[in-house]
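Tertiary structure, described
Next come the chains, spelled out residue by residue.
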Amino acid sequence: QIKCDLIWSNKGKLQMCLIFFIVVNEFCERFSYYGMRAVLVLYFRYFLKWDDDLATSIYHTFIALCYLTPILGAIVADSWLGKFKTIVYLSIVYTVGQVVMAVSAIHDITDTDRDGTPDNMTFHVAMSMVGLFLIALGTGGIKPCVAAFGGDQFEDHQEKQRSTFFSIFYLSINAGSLLSTVITPILRGQECGIHSQQKCYPLAFGVPAALMVVALIVFIMGSGMYNKTAPKGNIMLEVCKCIGFAIKNRFRHRSKTFPKREHWMDWADEKYDKLLVAQVKMVLKVLFLYIPLPMFWTLFDQQGILMVQPDQMQTVNPILILALVPIMDSLVYPLIKKCHLNFTPLKRMTVGMLIAALAFVAAALLQLQIDVSMYIYTHTYTPHTHTPPTHIHPPHTYTLLQLQIDVSMYIYTHTYTPPPHTPCCILLVVRVWVLNWSMSYPSKVFLTCCFALSYRRFVNALGSPLNVTLGVGDIAPLSVSNYSLVPQGKAEFTIMNRGGASCLYSKELGFGSAFTLVIPSTFNIGSPDCWQAIQVVEDIKPNTIHMGWQIPQYFLMTAGEVVFSVTGLEFSYSQAPSNMKSVLQAGWLFTVAVGNIIVLIVAEAAQLPDQWAEYILFASLLVVVCIVFAVMSYFYTYTDPAEIEAQFRQPEHEPEEKKRDRVEMERKDSDCSKSKNHWNLIL
């Protein structure tokens, strides 16, 4: 009994050690990947000087490639090198790619005139593309192997421990994502360089490269303790040949004179081993179940359009995942089990999709509130003579927009009275032409009016130039500054003329407000009460919709992701035959790539005028897909790949001594398992 307990204890400690190596490796790898990705578009736009369209296209192409290369990595792992060697070799490729990206961002390499701008941009573009290709090959190639390799460290009867591993594995992914998303932009914000100081992209790419080196070293440290499953030859080629022969043989025997077979793959029995045919059946059955799943990833990838995201909101998803994964694994699922509810993996995935659909319904409801609080108003005044108008409309207390322009001692006031029930936030376009100068309100900048920044600008009606602090800068005589962003709260502006005289003006700014501050021609910059002469026009009132209202939809989306994605990883592993674990993991990741493609198709095909309608469209599509998946799941029969494979093995042909050793080992494992359960009951 004591011997059994020692074996069980040592085996558990070994597995915990192996989990540590694999999870730390995954954490470092995900930090490296998401850290590089966090500043990639900024690198394209501000270092390589690409326009938004090209930067976005290359970025999405890179992401799609990262989710297509897992198929290649899975084939190499299961057919040729094995999972361990595939992870090591492709991690080296991955690391080289990160280093190449860091080198490509060093502007001093080609900055011969030392002006801070690379002189040979072709070199940097070429290096960047080589680096991104190597990264996509590396991260995609190891992606299906690491999860499957971790699952290989557990015995068939250790389903609970394996499930816990996949939860911890998913936690490490999001922990790496969270930290890198916060840290890497900070590194990029530093200034570095040999001859000139620029934004430090080499540091932002170099730290992820260093973390990838750490990931590789940590993973190799556990080499002697891993359970390494040997590759079974070119299994993918055999599978394809087996499927092709079954289809061809079935077509040849399509006549009714030939007896029907239970499964169409049974037509391959005449040429291929029954074990291989059984394994192909298991894989095809799971892949068929994957057909509706890309729609979930379509919605998941739309998180970026769930309202306008301030920087604070970008970390909500990984933070919620870190909180929800242990809650689900340690509290929710055990509680459901105690209630004697059969909450199978496929049922979990169905519920996860429904929760994700609810997230988009919540987004649509919030968008409706934002849309109600926006009203588009256009007014244009063009004088027919050079004499400014003399009529003045008195302001009213209920006015949302009052635009006053003081020119040559004449005041033109336009008062806009909104229709009933128009809330606080207005999207407006106002153009006023006076003499030879003009001012206009941009129509797009106010789309962010529901969040934590305010817009303000100054109109200088004096005959001399002025300088305004807090990011406004110089304003020429009779001109208007551009709109600039100011954080919510109290803002203080210092207005100065060329003679050094100044005037301090302070204003409390609400969330999402927009102001025009008019400096009249009678403005006396040196007087103590000069600030009182400044006329304030509240273009947009502060909004009443706080950005915190986005949190419920993020919570729902993250809960759906945890229930759906973690379960999907475990399901893909548990239902895969022993020689195709990585292949099914790659199939799972392929659904993510297809989901990205659907996003582009639907976004182009569904030109809906309202954002809330687009949210409802996506939610409706997912509900329909969810119903289809639920029906497919109802007819799915869970299998035990190890048990099915055992039925086709022939242990009677084993040497007698080897057979006795195997039976004795199985008996000891069984005794240890029973002993473990016995002591657990006592404790």
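Since the structure is predicted, the reported quantities are computational estimates derived from the model, not experimental observations. (Residues numbered from 1 in each chain as written. Predicted model: local features only at pLDDT ≥ 70, side-chain atom pairs only at ≥ 80, totals over all residues. Heavy atoms only, no water.)

What follows concerns the overall build of the chain. Within the chain one finds 18 helices and 16 strands. Looking at the chain alone, contacts between residues at least 24 apart form 73% of all its contacts between residues at least 6 apart. Summed over all atoms, the accessible surface of the chain reaches about 33,300 Å², with 63% contributed by carbon and sulfur. (Helix = DSSP H or I, 4+ residues; strand = E, 2+ residues; numbered from the N terminus. Contact = heavy atoms within 4.5 Å. Areas by Shrake-Rupley, 256 points an atom, 1.4 Å probe, with all protein chains shown as cover.)

Of all the residues in helix α2 (residues 40-47), the buried ones are Leu40, Tyr43, Phe44 and Phe47. All buried residues of α2 fall inside an arc of 110° around its axis, so they share one side. At the C-terminal side of α2, Lys49 shows a positive phi close to 65°. (Buried < 20%, exposed > 50% of the residue type's maximum accessible area, 1.4 Å probe, protein only. Arc of directions from axis to C-beta.)

Another aspect to go through is the state of the cysteines. All told, the structure shown has two disulfides when counted by the stated rule. The disulfide that involves Cys192 links it to Cys200, with 2.1 Å between the sulfurs. Its S-S torsion of about 105° marks the bond between Cys192 and Cys200 as right-handed, since a negative value means left-handed. On the basis of relative accessible area, Cys192 is assigned to the partly exposed category, the value being 21%. Each sulfur of the disulfide joining Cys503 and Cys530 lies 2.0 Å from the other. Here the S-S torsion is close to 105°, and the disulfide linking Cys503 with Cys530 is therefore right-handed. Of this pair, Cys503 sits in strand β14 (residues 502-509) while Cys530 is found in the loop between β15 (514-519) and β16 (535-540), placing the two residues 27 residues apart along the sequence. Comparing Cys503 with Cys530 shows no difference in burial state: the two are buried. (Disulfide = S-S within 2.5 Å.)

Moving on: the packing of helix α3 (residues 52-68) against helix α6 (residues 121-151). Orientation of α3 relative to α6, taken along the N-to-C sense of each, is 30°, at an axis distance of 7 Å. Between α3 and α6, the interaxial angle falls into the category roughly parallel. As for how α3 packs across α6, the hand of that crossing is right-handed. Mapping the contact onto sequence places Ile58, Phe62, Leu65, Cys66 and Tyr67 in α3 and Met129, Leu132, Phe133, Ile135, Ala136, Thr139, Gly140 and Lys143 in α6. A class-by-class count of the residues in the contact of α3 with α6 yields 10 nonpolar, two polar and one charged. (Axes fitted to C-alpha atoms, helices over the stretch in contact; angles between N-to-C directions. Parallel < 35°, antiparallel > 145°, perpendicular 65-115°, else oblique. Left-handed = near helix turned anticlockwise from the far one by under 90°. Nonpolar A, V, L, I, M, F, W, Y, C, P; charged D, E, K, R; others polar.)

To continue, consider the pattern of salt bridges. A full pass over the atoms with the stated rule returns six salt bridges. For the salt bridge of Asp152 with Lys83, the shortest nitrogen-to-oxygen distance reads 3.0 Å. Residue Asp152 is found in the loop between α6 and α7 (159-189), and its partner Lys83 is found in helix α5 (residues 83-104); the two are separated by 69 residues along the sequence. A single burial state applies to Asp152 and to Lys83, both of which are buried. Its salt-bridge partner being Lys281, residue Asp266 comes within 2.5 Å of it at the nearest N-O pair. Note that Asp266 is positioned in the loop between α9 (235-252) and α10 (274-289) and Lys281 in helix α10, a separation of 15 residues in sequence. Judged by relative accessible area, Asp266 falls into the buried class, the value being 10%. In this structure Lys281 comes out as partly exposed when scored by relative accessible area, which is 26%. Because the salt bridges share partners, they merge into one network encompassing Glu26, Glu29 and Arg30. (Salt bridge = Lys/Arg side-chain N within 4 Å of Asp/Glu carboxyl O.)

The next thing to look at is unusual backbone geometry. Although it is not a glycine, Lys49 adopts a positive phi angle of roughly 65°. Its place among the elements puts Lys49 in the loop between α2 and α3. The exposure class assigned to Lys49 is exposed, which follows from its relative accessible area of 57%. Phi at His340 is positive, roughly 60°, even though this residue is not glycine. Topologically, His340 is positioned in the loop between α12 (316-338) and α13 (345-372).

Summed over the entire model, instances satisfying the criterion amount to three cavities of 30 Å³ or more. There is about 70 Å³ of room inside the largest cavity. If you go around the largest cavity, the residues you meet are Ser163, Ser167, Val325, Met328, Asp329, Tyr333, Arg348, Val562, Val566, Thr567 and Glu570. Of all elements in the fold, only α7, α12 and α14 (551-574) reach the threshold of two or more residues within the lining of the largest cavity. Looking at the lining of the largest cavity residue by residue, the class counts come to five nonpolar, three polar and three charged. Of the pockets and cavities examined, the second largest cavity occupies roughly 50 Å³. Together, 10 residues line the second largest cavity, and Asp78, Lys83, Thr229, Ala230 and Pro231 are the ones closest to its centre. (1 Å grid on protein atoms, 1.4 Å probe; cavity = no way out; pocket = protein on both sides within 12 Å on 5 of 7 lines; lining within 4 Å. Points joined across faces, edges and corners; volume = space filled by probe spheres on them.)

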